[in-house]
Amino acid sequence: MDPLEGEASAVSIEYEPVSVKDVLVEMKDTAELLIGLSYSAVLHRNADLAREVLRLEERMNVLELRARMSLMMAVRKPSDAEELAPVMGIVAAADEISDAAGDIAKIVLEEMGLPEAMRAALPEATESLVRGVVDPDSEYADRTLKDIDLESETGVRVIALRRGDDWLLNPGPETTVASNDVALLRGPDTAIGDVCEVLTGEVYETPTVDDPGIPDLERAVDTIIHMKNLSELAVDLAYSSVLFDSAELAEEVRNLEVEVDAMQSRFEAWTLRAAADAEDPVVLRGLIRLGSSTEVISDAAIDISEGVLRDIDVHPVVQLAVQESDEIITRVEVEPGSELDGTAVAGGVPDVESTMSVIAIRRPDEGWLLVTGADAELQGGDVLISKGTRTAAAAFEELARTGSSE
């Protein structure tokens, strides 16, 4: 038995009055962090990241139980049950994402095997996610994030800290980065290595890339990476549909889930074909696990947006939770002549001084444009659904206004 699982089984949980909103905020932040962490653990063959996933998975199990207890205590009459049923679905979806992330992490920890093609498939993304232990001699140690001013200086963000068994999933300007904290960093590939070295005092090793040499395997790996991107997008859009009570966004979540299902079928076919040419087909076990877990994540996105799809009024506590989570989702309209008008967007990242990521664009004459891996050019009148920190969101809204560059 994994030692982390042994600790998890000993946890005793009793009902205690808690804020449902606060629990939902933490569940949302934890679920989104788990997706990024689990895939990073697999793509980088990083057992330390995989263990953090299992620690967070156990934390999610506790949060789910507390949320269920609080929701059951809140039901007084049939109308309460109707209003809170979609909230229960959102709680269950976060736990499903957590379980899927744990299964992905175990690919590394149980040494199930992954083809070397996975390294070649490392996305040429503008951001990476890494883990590091804060060295007591680091210039960042025992200073607040405001004092370090890391995001402004480098574009790298501290997205979570683990201090012993305690997690800080929403570190703010006054949060202190303490010696020996486990820090999770997200930021540009060009900067994150240097920041990690300053933080940990250790040399940052860039993952190597190998040539897989098997066409069907390359297709399978490319497909799983695309499935991962679409599943992440589906989760983001599902929360957006709840925040904005948007049936259009919820319908896009359903479309994405259908697409991921179709891609999984193709992925399985290419993986089976690749097995015939692989020296050791057993190394494909991890790839198959990755495909099934990725599909679970896209299914969970449907559960998040189900209330909107069924035209059930969104409970205010859910909208507040989505609004107040770690990385917030914003809706911004691009004004003609603003700095964003005419700006290129590649893979969700706009070509301006902003760390916001554009999830989707609604264009008046064309409908929704999903921009996970596509390039686009923003136009006046576009409505952007974007994701990022509160600080970045405020600056991004300024860029969307006419006269912001004056």
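From a predicted model like this one, the values you see are computed outputs, not experimental measurements.

1. Observations concerning the overall build of the protein chain
No. 1: In terms of regular secondary structure, the protein chain is built from 13 helices and 13 strands.
No. 2: Scored against the burial criterion, the 406 residues of the protein chain give a buried share of 51%.
No. 3: Across the protein chain, every contact between residues at least 6 apart in sequence was considered, and the portion connecting residues at least 24 apart equals 80%.
No. 4: Counting every atom, the protein chain has about 18400 Å² of accessible surface; 47% of that belongs to carbon and sulfur.

2. Some details on the sheet that holds strand S10 (residues 357-363)
No. 1: Strand order across the open sheet formed by 4 strands is S7-S13-S10-S11, with antiparallel pairing between neighbours. Only two strands of the sheet have a single neighbouring strand rather than two, namely strand S7 (328-333) and strand S11 (367-370). Ignoring which end each strand starts from, the neighbouring axes of this sheet average 20° apart.
No. 2: Relative to S11, S10 runs antiparallel, the two sharing 4 bridges. Residue pairing across strands places Arg363 opposite Gly367, the latter belonging to S11.
No. 3: Across the sheet, helix H10 (residues 247-277) is in contact with S10, S11 and strand S13 (383-388); its angle to S11 comes to roughly 45°.
No. 4: Across the sheet, helix H13 (residues 390-399) touches S7, S10 and S13, and the angle it forms with S7 is around 0°.

3. Some remarks on the nonpolar core
No. 1: By size, the foremost hydrophobic cluster in this structure holds 86 residues, and its most contacted members are Leu33 and Val318.
No. 2: By size, the runner-up hydrophobic cluster in this structure holds 18 residues, among which are Leu145, Leu185, Ile192 and Leu199.

4. Some points on the packing of aromatic side chains
No. 1: This model, assessed by the stated rule, comprises 0 aromatic pairs.
No. 2: Sitting over the ring of Tyr239, Lys28 keeps its end group 5.1 Å from the ring centre.

5. Focus: the sheet that holds strand S9 (residues 349-350)
Picture the strands of a sheet paired through backbone hydrogen bonds; they go either parallel or antiparallel.
No. 1: Here 3 strands make up an open sheet; going across it, the order is S9-S8-S12 and the pairing antiparallel. The outermost strands of the open sheet, each flanked by one partner alone, are S9 and strand S12 (375-377).
No. 2: Pairing of strand S8 (residues 344-346) with S9 involves 2 bridges; the strand directions are antiparallel. The partner of Ala346 across the bridge, within S9, is Val349.

6. Focus: helix H4 (residues 78-109)
No. 1: Its 32 residues give H4 an end-to-end C-alpha distance of 46 Å, which sits within 8% of 46 Å, the value for a rise of 1.5 Å per residue.
No. 2: Approximately 35° is the largest bend angle found in H4, and it occurs at Leu84, with the proline Pro86 only one to four residues beyond.
No. 3: At the C-terminal side of H4, Glu111 shows a positive phi close to 50°.

7. Remarks on the packing of helix H3 (residues 47-74) against H4
No. 1: Where H3 meets H4, the axes come as close as 9 Å, and the angle between the chain directions of the two elements is 165°. Judged on the interaxial angle alone, H4 and H3 are roughly antiparallel. For the pair H3 and H4, the sense of crossing is left-handed.

8. Brief notes about the pairing of S13
No. 1: With 6 of its 6 residues buried, S13 lies for the most part within the structure.
No. 2: By the alternation rule, side chains of S13 split into Val383, Ile385 and Lys387 and Leu384, Ser386 and Gly388, which are all buried.
No. 3: Direction of pairing for S10 relative to S13: antiparallel, over a ladder of 5 bridges. Counterpart to Ser357 in the pairing with S13 is Lys387.

9. Here we look at the pattern of salt bridges
No. 1: Throughout the structure, instances matching the rule amount to 20 salt bridges.
No. 2: Residues Arg55 and Glu52 are paired through a salt bridge, measuring 3.5 Å at the closest nitrogen-oxygen approach. Taken as a pair, Arg55 and Glu52 lie in helix H3 at a separation of 3 residues, close to a single helical turn.
No. 3: Through salt bridges with shared partners, one network takes in Asp48, Arg51, Glu52, Arg55, Arg131 and Arg162.

10. Here's the deal with unusual backbone geometry
No. 1: One non-glycine residue with positive phi stands out, namely Asp142, at about 60°.
No. 2: The residue Asp245 is not glycine, and still its phi comes out positive at about 45°.
No. 3: Its place among the elements puts Asp245 in the loop between helix H9 (215-243) and H10.

11. Some words on the packing of helix H2 (residues 20-43) against helix H11 (residues 285-309)
No. 1: At a minimum axis separation of 13 Å, H2 and H11 run at an interaxial angle of 165°. It follows from the interaxial angle that H2 and H11 lie roughly antiparallel. The chirality of how H2 crosses H11 is left-handed. Where H2 approaches H11, its residues Ile35, Tyr39 and Val42 are matched on the opposing element by Leu290, Thr294 and Ile297.
No. 2: Of the residues that constitute the contact of H2 with H11, the class distribution is 5 nonpolar, 1 polar and no charged.

12. Focus on the environment of Thr294
No. 1: Tracing the sequence through the fold places Thr294 in helix H11.
No. 2: Residue class for Thr294 comes out buried when judged on its relative accessible area of 0%.
No. 3: For the pair Thr294 and Lys228, spaced 66 residues apart in sequence, the C-alpha separation works out to 6.0 Å.

Scoring rules and cut-offs
Residues numbered from 1 in each chain as written. Predicted model: local features only at pLDDT ≥ 70, side-chain atom pairs only at ≥ 80, totals over all residues. Heavy atoms only, no water. Helix = DSSP H or I, 4+ residues; strand = E, 2+ residues; numbered from the N terminus. Buried < 20%, exposed > 50% of the residue type's maximum accessible area, 1.4 Å probe, protein only. Contact = heavy atoms within 4.5 Å. Areas by Shrake-Rupley, 256 points an atom, 1.4 Å probe, with all protein chains shown as cover. Pairing = 2+ DSSP bridges. Axes fitted to C-alpha atoms, helices over the stretch in contact; angles between N-to-C directions. Core = buried A, V, L, I, M, F, W, Y, C linked by side-chain atoms within 4.5 Å. Phe/Tyr/Trp six-rings, centres within 6.5 Å; stacked < 30°, edge-to-face > 60°. Lys NZ or Arg CZ within 6 Å of the ring centre and 35° of its normal. Expected span 1.5 Å × (residues − 1). Bend = angle between axes of the 7 residues up to and from the residue. Parallel < 35°, antiparallel > 145°, perpendicular 65-115°, else oblique. Left-handed = near helix turned anticlockwise from the far one by under 90°. Salt bridge = Lys/Arg side-chain N within 4 Å of Asp/Glu carboxyl O. Nonpolar A, V, L, I, M, F, W, Y, C, P; charged D, E, K, R; others polar.

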